Amino acid sequence: MEIILQNNMVVVRTDFKTLKSNWMENFLNSHSLDMLFLPKAVLVFSNSSLFSDKEEFLHSLCTYYTKDQEGNNDFYLRSVLRYMKHPIKIELQDQEDSEVIEVRLQARSSSQVHIKLDSPNRWVMSYLKSQLDLYVQQEGLMNLFLELPDNKAKSRLERALNKRHILHYEIHYTYDAYFMQNLYSEFGQFEYEDHTDDEIDEMLHYYTVLECPVGSSQDALKKSYKKLVKIYHPDKVHCENLDTVYHYTQKFQLLQEAYTALRIVS
């Protein structure tokens, strides 16, 4: 394990076994609505109402860190406690292959969605709740029941489903035979049997890329496409950073791919 005190956050680099320890899990579970999930990492923002939980976590963190070190635990604790108001970023060090988590989606109507995990997983469930908390009507160990009253809520669901790598896990979504017909009236004639789960995944992803609700008209798709390509066209990048240039180029190519695919679908 490494603890790095940066100017604006505490960075903890550890393995997945430590991430699953009770003291670490309890802290992350209490902050499930204050987290940003990233591939191989999670960023926990400060919440003043949960400072006691955070202080308890920092005590456990320093005790764990110094048990095999020659350093003084009190010294580390005093140093880390100065960052009580700063975010904590926890990064996974191990390079193990991601574990696939199966998640089933069922649309009971144009506004009701049932999300079911095939097996209990605290991390994936915490991610989904953090993204969809406003729309959760009922929840269980492996289930979320959502009420999505408008396009804004559905767009939120689409963005949540668009992220597939959470810490150590890769999420694989499958859809029941009536997902598109029930949830999106624009796809009333949509024949599930003619499309694989991967094709439906791709379709939902393309709408998210174009920042349009699923089932948007050709005019809406075209308007959003034109707006976004003006922003992400490689000629617009006035930067020597190769990562930034690469990001804009990839985004531009994906916008073209999404617009072409959805024009064909429509």
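Above this text is the structure in question.
Note that this is a predicted model, so its numbers are computed, not measured.

1. A look at the side chain of Lys 251
Relative to the helices and strands, Lys 251 resides in helix α10 (residues 242–265). Buried and unpaired, Lys 251 has Glu 211 as its nearest opposite-charge partner, separated by 5.0 Å. Residues contacting Lys 251, with those up to four places away along its chain left out, are Val 209 and Tyr 232.

2. Here we look at a positive patch on the surface
Together, Lys 222, Lys 226, Lys 230, Lys 236 and Arg 263 make up a positively charged patch on the protein surface. Tallying contributions element by element places helix α9 (residues 218–232) first for the positive patch, with three residues. Within the fold, Lys 230 resides in helix α9. Its relative accessible area of 61% is what places Lys 230 among the exposed residues.

3. Some remarks on the packing of helix α3 (residues 51–66) against helix α4 (residues 73–81)
In the contact formed by α3 and α4, the axes pass within 9 Å of each other and the chain directions differ by 140 degrees. By the angle between their axes, α3 is oblique relative to α4. In this structure, α3 crosses over α4, and the sense of that crossing is right-handed. The segment α3 lies against α4, with Glu 55, Leu 58, His 59, Cys 62, Thr 63, Tyr 65 and Thr 66 engaging Asn 73, Tyr 76, Leu 77, Val 80 and Leu 81.

4. Digging into the pattern of salt bridges
In this structure the tally under the stated criterion is six salt bridges. Of the charged contacts, one joins Arg 122 and Glu 25 as a salt bridge, the two residues approaching to 3.2 Å between their closest N and O atoms. A residue pair is termed long-range when its members are at least 10 positions apart, and Arg 122 in helix α5 (residues 122–132) and Glu 25 in helix α2 (residues 22–30) qualify at 97 residues. Given the relative accessible area of 35%, Arg 122 is considered partly exposed. Two residues, Glu 91 and Lys 89, come together in a salt bridge whose shortest N-O distance is 3.3 Å. Given a relative accessible area of 18%, Glu 91 falls into the buried group. By relative accessible area, which is 23% here, Lys 89 ends up partly exposed. Residues participating in the shared-partner salt-bridge network are Arg 13, Lys 89 and Glu 91.

Conventions adopted
- Throughout this description, residue numbers start from 1 for each chain and increase along the sequence as written.
- Local features in this predicted model are restricted to residues whose pLDDT is 70 or higher, and side-chain atom pairs enter the listing and the counts only when it is 80 or higher, whereas totals over whole chains, interfaces and linings include all residues.
- Each side-chain value is worked out from all heavy atoms of the structure, with water and hydrogens disregarded.
- To qualify as a helix, a DSSP run of H or I must reach at least 4 residues; to qualify as a strand, a run of E must reach at least 2; elements of each kind are numbered from the N terminus.
- Relative accessibility thresholds used throughout: buried, under 20% of the residue-type maximum; exposed, over 50%; partly exposed, between the two (1.4 Å probe, protein chains only).
- Charge counting follows a simple rule: Lys and Arg are positive, Asp and Glu are negative, and His as well as the terminal groups are ignored.
- Salt bridge, as used here, is a side-chain nitrogen of Lys or Arg placed within 4 Å of a carboxyl oxygen of Asp or Glu.
- It only takes one pair of heavy atoms within 4.5 Å for two residues to be counted as in contact.
- Residues qualify for a patch when their relative accessible area is over 30% and they have no salt bridge, like charges being joined within 9 Å and the nonpolar side chains of Val, Leu, Ile, Met, Phe, Trp and Tyr within 5 Å.
- What sets the accessible areas is the Shrake-Rupley method with a 1.4 Å probe; for residues, cover comes only from the shown protein chains.
- Taken as the charge location is NZ of Lys, CZ of Arg, CG of Asp or CD of Glu.
- Lines fitted to the C-alpha atoms define the axes, with helices restricted to the stretch that makes contact. Angles between their N-to-C directions range from 0 to 180 degrees.
- If an angle is under 35 degrees, it is roughly parallel; if it is over 145, roughly antiparallel; if it lies from 65 to 115, roughly perpendicular; otherwise it is oblique.
- By convention the crossing between two helices is left-handed if the near helix lies anticlockwise of the far one by an angle smaller than a right angle, and right-handed if it lies clockwise.

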